[in-house]
Amino acid sequence: MISIKNPFGDKKPKGDSQGTPKKRFRALLMIPGVLLILLIMVTALGSFYRVDEQEVAVVTMFGNVIRTDTAGLYFKIPWIQQVHMVDTTTHGTGLGYAVNDDGQEFTIDTDSIMITSDFNLIDIDFYMEYKVSDPVAYLYSAVQPELILKNIAMASIRSTVIDYTVDDAMTTGKSQIQAEVKKKMQDALAKWNVGLQVVNITVQDAEPPTEDIVRAFKAVETAKQGKDTAINNAKKYQSEQVPAAEAAADKIIHDAEAKKASRIAEAEGQVARFNAMYDQYKLNPLITKQRLFYESIEDVLPGLKVIINNGNTTQTVYPLDSFTGTSPANTENQAGGEQ
Amino acid sequence: MKKTGIFIILAMIIVLLGGNMLYTVRPNEYVAVRQFGKIVKIEDSPGLKTKTPFIQNTQVISARTRLYDVPLSDVITKDKKSMIADNYVLWKVTDPTKYIRTLDAINGRAEERIEAAVYNALKNVISSMTQDEVIEARGEKLTQLLTDEANSDIGDYGIVILTAEIKALDLPDDNKSAVYDRMISERQNIAASYTAQGEASAQKIRNETDKDVTVMKADANKQAEILVAEGEAEYMKILREAYNTEDKADFYNFLRSLDALKGSLSGGNKTVILDSDSELAKILNGEGLNQD
């Protein structure tokens, strides 16, 4: 037996390679089947939603708001019910200034410079913190609720600051201004019900509008200091002069008292000496007198020129040398002419 | 096969039809149902609603509160001072039919009308007040006036102004520089007055001090003189009491005259001329003092 091989190889007829028409149909049917499964999966996933701590979910069905949900995992009817997430964290924004991409603050003069009660101008910035208070109102009550909030804020700020003088607004009035602005904003927000509330609003900077004016304000502070310094210096002068004068006055009085005392002592001394001499004198008055006289003469005669005039023209001059013992002038006198 | 095809087509038609028959109204919305261009119904409560498919169509108009930041406008006060007003308006649609009819529900047109109404109202209100009054009056009353006046102009459009608030009333720029200059000179005055006050108070303190010092010294001197005088008086008294008998007094005089003698004759270059009768001459002549 000889088998002849087909030089072209065995081939199956074309009709057989893809199977029967029935199989084809089934394959086609698989595609929508897969899609259907996908659809079911997506639907299933879409019927659960998770709400984080910082969110609130507003669920609507056919336009109606049916509920709001806080944090947790929830179920909704797919396709028919819709979930809108609302961020309920606190946001902050500057009023009168903004922060650019580099983190630098720059002032917005049109927003921050305003009139004060004494017709001056002040440059005052605020920082406002706000958050959603009513998610449903936030979504449906107004168009652009944040922008409305900002405008309410600007109006409240201006109408508050205008009641303060520029000095008060820059110093002691700040906390009051903050409280008033917050109150006005709360009233307005409650009235218009935009679903936002102001958590806090604080004054950032409050200063004069230009550098020159800042300098002028500083000059006032310097002058105030200068006034205090001048007064203190004068008081220092006073606290130096007065004690010194008191001391001098004291000395004057003490010196006078000393003088008085010494004068009295002098008198007492004199009296004591006199009394001593008097006691002696009393014992022997004449002798004492003579003695005293001689002593006095003794003291002065040596330096004295004495002329005795006895009525005649001739005069006797006693030399001053010594009186005791020799008396040459004596004889001369007698010779001169004794009465 | 044919059945499935027909079924699919039918299903599609139903879906299409159904889809066009239902519409939802969201919260705070008006939906105007129009048939052949004419408004037949206004729906304003949220929910799922029905309409005639294809023949009727819907137009959504938001009923939400809207913000319109009115552009800056110049206003003149009663006392001819010019100021720049910055307002904002909160408004909303209240009558969608009118809104569509008069403004074709176009936001921009509504804003134009509002701006005109507000500007008019602002002019009227501000021109009846002086600048001082304007700055003092800011607040509820002014806002109410403004809002009411503005609303009176836009009643036909189906919208209402909830509030027309003055955000800011500013001075024109050249006024601003004038204010800055004034602020600077004001501060300079205050600084000068502090300095002057300091000088004056300091001078006063100094003067007081000088006066007190002078008075203290004068008082001390006076007292000193009194003390010295007392000392003298005491001195006199003591001596007087010491020499209070005639005998003592005589002796005292004797002693004093001796002292005086000594005092006048000492020192050199003195000459004494004595009468020969005098006691001293007698003594010098060898006679003693015999008499007292």
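Residues numbered from 1 in each chain as written. Chains lettered and ligands numbered in written order. Predicted model: local features only at pLDDT ≥ 70, side-chain atom pairs only at ≥ 80, totals over all residues. Heavy atoms only, no water.

**A look at the overall build of chain B**
Now for step 1: A tally of helices and strands in chain B yields eight helices and ten strands.
Now for step 2: Among the 292 residues that make up chain B, the fraction classed as buried is 37%.
Now for step 3: If you take every contact in chain B between residues at least 6 apart in sequence, the share linking residues at least 24 apart comes to 62%. (Helix = DSSP H or I, 4+ residues; strand = E, 2+ residues; numbered from the N terminus. Buried < 20%, exposed > 50% of the residue type's maximum accessible area, 1.4 Å probe, protein only. Contact = heavy atoms within 4.5 Å.)

**Some points on the interface of chain A and chain B**
Now for step 1: With 95 residues of chain A in contact, the opposing surface of chain B contributes 98 residues.
Now for step 2: With both chains or domains summed, chain A and chain B bury close to 9000 Å², and 69% of this area falls on carbon and sulfur atoms.
Now for step 3: Contact with chain B buries area across many residues of chain A, yet Phe119(A), Trp192(A) and Phe274(A) alone supply 8% of it, more than any other trio.
Now for step 4: Viewed at the interface, chain B and chain A are joined by four salt bridges.
Now for step 5: Linking chain A with chain B are 22 residue pairs in polar contact (both at pLDDT 80 or more), by the criterion used here.
Now for step 6: Ranked by residue count, the leading element in the side of chain A that touches chain B is helix H7 (residues 211-283) of chain A, at 41 residues.
Now for step 7: Here the residues of the side of chain A that touches chain B are counted per class, giving 56 nonpolar, 21 polar and 18 charged.
Now for step 8: As paired strands, strand S12 (residues 304-309) of chain A and strand S10 (residues 270-275) of chain B are joined by six bridges and run parallel to one another. Across the sheet, Ile308(A) pairs through a bridge with Leu274(B), a residue of S10(B). (Buried area = accessible area lost by both parts, 1.4 Å probe. Salt bridge = Lys/Arg side-chain N within 4 Å of Asp/Glu carboxyl O. Polar contact = N/O pair within 3.5 Å; in protein donor to acceptor, adjacent residues only side chain to side chain. Nonpolar A, V, L, I, M, F, W, Y, C, P; charged D, E, K, R; others polar. Pairing = 2+ DSSP bridges.)

**Points about the layout of surface pockets**
Now for step 1: Roughly 350 Å³ of internal volume is contained in the second largest pocket.
Now for step 2: Along the walls of the second largest pocket sit 16 residues, with Thr110(A), Arg158(A), Leu72(B), Asp86(B) and Asp170(B) positioned nearest its centre.
Now for step 3: Among the secondary structure elements, those contributing two or more residues to the lining of the second largest pocket are helix H2 (109-112) and helix H4 (145-161) of chain A together with strand S8 (82-93), strand S9 (159-170) and helix H6 (173-242) of chain B.
Now for step 4: Looking at the lining of the second largest pocket, the element that brings in the most residues is H4(A), giving four residues.
Now for step 5: Across the lining of the second largest pocket, the residue classes break down as five nonpolar, two polar and nine charged. (1 Å grid on protein atoms, 1.4 Å probe; cavity = no way out; pocket = protein on both sides within 12 Å on 5 of 7 lines; lining within 4 Å. Points joined across faces, edges and corners; volume = space filled by probe spheres on them.)

**Notes on the confidence of the model for chain B**
Residues and elements named next belong to chain B.
Now for step 1: Residue-level pLDDT values for chain B average 86, and 95% of them are 70 or greater.
Now for step 2: Least confident of the elements in chain B is helix H8 (residues 279-284), whose mean pLDDT is 68; most confident is strand S6 (residues 66-69), at 93.
Now for step 3: Among the prediction metrics, the complex's ipTM stands at 0.71, with pTM recorded as 0.68. (pLDDT = per-residue confidence, 0-100.)

**What to know about the packing of aromatic side chains**
Now for step 1: In this structure the tally under the stated criterion is eleven aromatic pairs over all chains.
Now for step 2: Between Phe274(A) and Phe251(B) the ring centres are 5.6 Å apart and the planes differ by 40 degrees, which places this aromatic pair in the tilted class. Separated into two different chains, Phe274(A) in helix H7 and Phe251(B) in helix H7 (residues 246-265) make up a pair that spans both. For the pair Phe274(A) and Phe251(B), one class covers both residues: buried.
Now for step 3: Judged by centre distance (6.1 Å) and plane angle (50 degrees), the ring pair of Tyr278(A) and Phe251(B) falls under tilted. (Phe/Tyr/Trp six-rings, centres within 6.5 Å; stacked < 30°, edge-to-face > 60°.)

**Concerning the sheet that holds strand S2 (residues 29-35) of chain B**
All names here are of chain B.
Now for step 1: Strand order in this open sheet of three strands is S3-S2-S5, and the pairing throughout is antiparallel. The sheet is open, and its two borders are formed by strand S3 (38-43) and strand S5 (56-62), each paired with just one other strand. The average angle at which neighbouring strand axes cross in this sheet is 30 degrees, direction not considered.
Now for step 2: Alignment of S2 against S3, held across five bridges, turns out to be antiparallel. Paired with arginine 34 across the two strands is isoleucine 39, which belongs to S3. (Axes fitted to C-alpha atoms, helices over the stretch in contact; angles between N-to-C directions.)

**Observations concerning the pairing of strand S1 (residues 48-51) of chain A**
Residues and elements named next belong to chain A.
Now for step 1: Burial along S1 is one-sided: Tyr49 and Val51 are buried, and none of Phe48 and Arg50, which face the opposite way, are.
Now for step 2: For S1 and strand S4 (residues 72-75), the ladder comprises four bridges, and the chain directions are antiparallel. Paired with valine 51 across the strands is glycine 72, a residue of S4.

**Some details on the sheet that holds strand S2 (residues 55-61) of chain A**
Residue and element names in this part refer to chain A.
Now for step 1: The strand order across the open sheet built from three strands is S3-S2-S5, with neighbouring strands paired in antiparallel fashion. With partners counted over all chains shown, the strands left at the sheet margins are strand S3 (64-69) and strand S5 (81-87), one partner each. The mean angle between the axes of side-by-side strands here comes to 25 degrees, regardless of whether they run parallel or antiparallel.
Now for step 2: In terms of strand pairing, S2 meets S5 through seven bridges, oriented antiparallel. If you follow valine 56 over to S5, its bridge partner there is valine 86.

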